[in-house]
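Examining the three-dimensional arrangement
The primary structure of each chain is shown beneath.
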Amino acid sequence: MQRITITIDDDLLDTLDQMSERRGYQSRSEALRDIVRRTLAEEATGMAEQRGYGVLSYVYEHNTRELAGRLTTSQHHHHELMVSTLHVHLNHDECLEVAILKGDMAEIQHFSSAMTAQRGVRHGHLQCIPDVMPEI
Ligand code: NI
């Protein structure tokens with residue numbers, strides 16, 4: 001680990017400190033390391049033939065136009081990507097699903113977009129974790 005000095009304007013530093021407090025970082029260093037890691041993860045995700053993991057989450061109404069069945073069918077069509085799925089019955093109508101995916105990042109993104117673009121699916125979110133990341 002190395003110690004560096006950076007120059008940053010007051011407004012941006014204020015914003016960094018506020019974000020650090022909101023997210024519970026122990027120090028500016030940890031906040032900055034996490035920002036760099038996140039940026040690298042986004043960059044790596046866009047690379048061709050990049051492999052890794054995806055954490056896909058979404059909420060849907062299980063009674064809407066056989067949506068539950070169609071989402072399950074899509075998962076079976078892409079069974080090679082599926083590692084595990086967590087299903088939570090949120091209330092009478094809504095379900096929360098979290099799927100752990102593994103494979104080609106482009107395929108993971110394509111599959112995730114197709115799932116979350118379905119009518120009746122809300123709060124769709126995909127977190128990408130590329131396989132090859134520099135150690136920082
Ligand atoms: Ni359910």
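Residues numbered from 1 in each chain as written. Predicted model: local features only at pLDDT ≥ 70, side-chain atom pairs only at ≥ 80, totals over all residues. Heavy atoms only, no water.

Here we look at the overall build of the chain
To keep things clear, this is the line we draw: The helix count covers DSSP runs of H or I at least four residues long, the strand count covers runs of E at least two residues long, and both are numbered beginning at the N terminus. Only the C-alpha atoms count toward the radius of gyration. The rule for a globule is 2.2 Å times the residue count to the power 0.38. Relative accessible area decides the class of each residue, using a 1.4 Å probe on protein chains only: under 20% of the type maximum gives buried, over 50% gives exposed, and in between gives partly exposed. Any two residues having at least one pair of non-hydrogen atoms within 4.5 Å are treated as being in contact. Surface exposure here means Shrake-Rupley accessible area, sampled with a 1.4 Å probe, where a residue is shielded only by the protein chains that are shown. When charges are counted, neither His nor the chain ends are considered; positive counts come from Lys and Arg and negative counts from Asp and Glu. Charged side chains are reduced to one point each, which is NZ for Lys, CZ for Arg, CG for Asp and CD for Glu.
For the chain, the count of helices and strands is four helices and four strands. Taken from N to C terminus, the helices and strands of the chain fall in the order α-α-β-α-β-β-α-β. For 136 residues, the compact-globule formula gives about 14 Å, and the C-alpha radius of gyration of the chain, at 19 Å, lies well above that figure. Projected onto its principal axes, the C-alpha positions of the chain cover 55 × 35 × 20 Å. Looking at the chain as a whole, 29% of its 136 residues are labelled buried. If you take every contact in the chain between residues at least 6 apart in sequence, the share linking residues at least 24 apart comes to 65%. As presented, the chain carries roughly 9,600 Å² of accessible surface, and 52% of it is formed by carbon and sulfur atoms. Here the chain carries 13 positive and 21 negative side-chain charges, and the mean point of each set is 2 Å from the other.

Quick word on a nonpolar patch on the surface
So the rule is basically this: Patch membership is restricted to residues that have no salt bridge and whose relative accessible area is over 30%. Joining uses 9 Å for like charges and 5 Å for the nonpolar side chains Val, Leu, Ile, Met, Phe, Trp and Tyr. Criterion for a salt bridge: a side-chain nitrogen of Lys or Arg within 4 Å of a carboxyl oxygen of Asp or Glu.
Residues Ile 4, Ile 6, Leu 32 and Ile 35 make up a contiguous nonpolar surface patch of about 350 Å² in total accessible area. Take Ile 35: it is sitting in helix 2 (residues 28-45). Owing to a relative accessible area of 35%, Ile 35 belongs among the partly exposed residues under this scheme.

Side note on the layout of surface pockets
To find leftover empty space, one rolls a probe the size of a water molecule over the atoms. The criterion, for reference: The definitions used throughout rest on a 1 Å grid laid over the protein atoms alone, on which a cavity is an enclosed set of points accommodating a 1.4 Å probe that cannot get out and a pocket is an open set flanked by protein within 12 Å on both sides along at least five of seven lines; lining residues are those having an atom within 4 Å of a point. Grid points are joined across faces, edges and corners, and a volume is the space filled by probe spheres set on the points. Asp, Glu, Lys and Arg are counted as charged, while Ala, Val, Leu, Ile, Met, Phe, Trp, Tyr, Cys and Pro are counted as nonpolar; the rest, among them Gly, fall into the polar class.
By volume, the largest pocket amounts to about 520 Å³. What lines the largest pocket is a set of 14 residues, among which Ile 4, Arg 28, Ser 29, Leu 32 and Arg 33 lie closest to the centre. Counting residues per element, the ones that place at least two in the lining of the largest pocket are helix 1 (10-23) and helix 2. Broken down by element, the lining of the largest pocket gets its largest block of residues, five residues, from helix 2. The residue inventory of the lining of the largest pocket, partitioned by class, reads nine nonpolar, two polar and three charged.

Topic: the packing of aromatic side chains
Just so we agree on the cut-off: The criterion for an aromatic pair is that two Phe, Tyr or Trp rings (for Trp, the six-membered ring) have centres within 6.5 Å, with stacked assigned to planes under 30 degrees apart, edge-to-face to planes over 60 apart and tilted to the rest.
Taken as a whole and assessed by the stated rule, the structure comprises one aromatic pair. On the numbers, 6.0 Å between centres and 40° between planes, the contact of Tyr 58 with Tyr 60 is tilted. The burial state of Tyr 58 is the same as that of Tyr 60; both residues are buried.

Observations regarding the domain arrangement of the chain
The line we're drawing: Each domain's extent was defined by an automatic or database domain assignment.
Segmenting the chain into domains produces domain 1 (10-45) and domain 2 (51-130). If you average the C-alpha positions of domain 1 and of domain 2, the two centres end up 28 Å apart.

Description of the pattern of salt bridges
Under the criterion given, the structure shown has five salt bridges. Asp 17 serves as the salt-bridge partner of Arg 28, at 2.7 Å between the closest nitrogen and oxygen. One end of the pair, Arg 28, is in helix 2; the other, Asp 17, is in helix 1, with 11 residues separating them in the sequence. Across the salt bridge formed by Arg 37 and Glu 30, the nearest N and O atoms sit 3.4 Å from each other. Here Arg 37 falls in the partly exposed class, since its relative accessible area comes to 25%.

So, the pairing of strand 2 (residues 82-89)
The line we're drawing: Paired strands are those between which DSSP finds at least two bridges.
Pairing between strand 2 and strand 3 (residues 94-104): seven bridges, direction antiparallel. Bridge assignment links Leu 86 to a residue of strand 3, and that residue is Val 98. Where strand 2 folds back onto strand 3 in an antiparallel hairpin, the turn is made up of four residues.

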